[in-house]
2 protein chains.
Amino acid sequence: MKKKTIITISREFGSGGRMIGKMLAERLKIPFYDKELIEIAAKESGIDKELFEDNDSRTSKGFHLFGALGYSLGGPLSAITELSLNDRLYLVQAHVVEQVANQGACVIVGRCADYVLRERDDVINVFIHADEKDKVARAKTSYEVDLRDVEKSILKIDKRRANYYEYYTDRTWGKAENYDISLNSSTFGLEGCVDIIMELMKKEEEHGR
Amino acid sequence: MKKKTIITISREFGSGGRMIGKMLAERLKIPFYDKELIEIAAKESGIDKELFEDNDSRTSKGFHLFGALGYSLGGPLSAITELSLNDRLYLVQAHVVEQVANQGACVIVGRCADYVLRERDDVINVFIHADEKDKVARAKTSYEVDLRDVEKSILKIDKRRANYYEYYTDRTWGKAENYDISLNSSTFGLEGCVDIIMELMKKEEEHGR
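Each value, and the rule that gives it
Residues numbered from 1 in each chain as written. Chains lettered and ligands numbered in written order. Predicted model: local features only at pLDDT ≥ 70, side-chain atom pairs only at ≥ 80, totals over all residues. Heavy atoms only, no water. Helix = DSSP H or I, 4+ residues; strand = E, 2+ residues; numbered from the N terminus. Expected span 1.5 Å × (residues − 1). Buried < 20%, exposed > 50% of the residue type's maximum accessible area, 1.4 Å probe, protein only. pLDDT = per-residue confidence, 0-100. Contact = heavy atoms within 4.5 Å. Pairing = 2+ DSSP bridges. Axes fitted to C-alpha atoms, helices over the stretch in contact; angles between N-to-C directions. Parallel < 35°, antiparallel > 145°, perpendicular 65-115°, else oblique. Nonpolar A, V, L, I, M, F, W, Y, C, P; charged D, E, K, R; others polar. Least-squares fit on C-alpha atoms with pLDDT ≥ 70 in both. Patch = residues over 30% accessible without salt bridge, like charges linked within 9 Å, V, L, I, M, F, W, Y side chains within 5 Å. Areas by Shrake-Rupley, 256 points an atom, 1.4 Å probe, with all protein chains shown as cover. Salt bridge = Lys/Arg side-chain N within 4 Å of Asp/Glu carboxyl O. Lys, Arg positive; Asp, Glu negative; His and termini not counted. Charge placed at Lys NZ, Arg CZ, Asp CG, Glu CD.

Chain A is annotated in an unreviewed UniProt entry as Cytidylate kinase-like family protein from Amedibacillus dolichus.

Draft legend 1. Main features of helix α1 (residues 17-28) of chain B. Residues and elements named next belong to chain B. For α1, spanning 12 residues, the distance from its first C-alpha to its last is 16 Å, which sits close to the expected 16 Å at 1.5 Å a residue. If you check which residues of α1 are buried, you get Gly17, Ile20, Gly21, Met23, Leu24 and Ala25. Within two residues after α1, Lys29 carries a phi angle of roughly 55 degrees, on the positive side.

Draft legend 2. Representation of the confidence of the model for chain A within the structure. Summarising the model, chain A shows a mean pLDDT of 84, and 84% of its residues fall at 70 or more. Throughout residues 64-75 of chain A the model reports pLDDT below 50, and contacts reaching past four residues in sequence, or to other chains, amount to 14 contacts.

Draft legend 3. Region of interest: the sheet that holds strand β5 (residues 181-184) of chain A. Taken together, the 10 strands give an open sheet; going across it, the order is β2(A)-β3(A)-β1(A)-β4(A)-β5(A)-β5(B)-β4(B)-β1(B)-β3(B)-β2(B), and neighbouring strands pair in mixed fashion. Every other strand in the sheet has two partners, leaving β2 (32-33) of chain A together with β2 (32-33) of chain B as the edge strands with one partner each.

Draft legend 4. Examining the packing of helix α7 (residues 132-139) of chain A against helix α8 (residues 150-169) of chain A more closely. Residue and element names in this part refer to chain A. Where α7 meets α8, the axes come as close as 10 Å, and the angle between the chain directions of the two elements is 95 degrees. Taken together, the axes of α7 and α8 are roughly perpendicular relative to one another. Packed against α7, whose contacting residues are Glu132, Lys135, Val136 and Ala139, the element α8 presents Val150, Glu151, Ile154 and Asp158 at the interface. Here the contact of α7 with α8 is composed, by residue class, of four nonpolar, no polar and four charged.

Draft legend 5. Structural context of the relation of the copies chain B and chain A. Once turned by 180 degrees and shifted 0.0 Å along the axis, chain B lies on chain A with an RMSD of 0.0 Å. Here the copies are linked by what is in effect a two-fold axis. An overlap of 100% is found between the interface residues of chain B and their copies at the interface of chain A, pointing to a shared contact surface.

Draft legend 6. Just a negative patch on the surface, in detail. Among the surface-exposed residues, Asp131, Glu132, Asp149 and Glu151 of chain A lie close enough to one another that they form a single negatively charged patch. Exposure remark for Asp149 of chain A: the relative accessible area of 32% places this residue in the partly exposed category.

Next comes the structure, spelled out in structure tokens:
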């Protein structure tokens, strides 16, 4: 078994999952990809960056047909022209996720990376969630949130993430079985979660030998 | 915040979750409750032990009405007479789970213990899952499984567990947000999972201070 050096992080909005990923990348001295992926995807595809930024809110019908038509993620991006814009955005991002994973150890937040990289054996998939009160406190500092009803905004953003994930992966977002480890950041703290993930990468290495 | 000394373990069939709980209890030198709870429940209620053993396969309609009728888990068991047998079995077990938790540090496997003890702040909830191939290998040694179709037997048993859990708790079984930590035992090994849980109980203690 290959040593697992690529970490994907899926997370509830306001759970601190992004920050955990960032701290983890800093401690491990490896690249961190979140919005950075969008920059690369925009550059490579020539599609406007802003379209990617809002892309997890929209899905389009018929994407699952796509596989049946014999398109492949491994193919050139130029082949992806007859699809809806949203499906193209997804595929371009998936392609970039594969590219950065090919370059070696890194932390990737969101972008269905756990699914995109499912055939690799050097990936560890993490899901971060948190208690409502902590998510609300954290969400208040985000520009994405309507401050008049923070709880509702969180629900809405997570619902969008879940729909996006389920649409493109046929899996249920937030279901423990999709991830190697799921953690409640309210129980352990952000630093605590980073420590646990560092620790378990060691465990995995011992077990995988 | 109170130190968390009670560990509940929910698990997929064949994931090794029960064994992880047993090893954990041995290392921590605290009581382990799985079938042991059934013995106590049978003794306390006078209901035949065998009925408890098969009880997670059956649920009865109208249980949710029960709360509305003002029954309380805290009340005497003798009050639980006008309910269906299955609901009575659930309530007796829930009562026993509360009793053993009141006695102090312990590991409890199954029995919706995470839900039953949800109001306590000294509980850590764990979910264990595993890859299909490992579940199949482990399941083959169980008397509950039809050896002619092990995969199907596993699905069936987990479906029963999920239905039972969802019926009595109104939560989705196996959803990461219900647990403090969820682990894939195929990634880390059973010993590895025990180590991680021991480690994170320390983290939680540091964070909770």
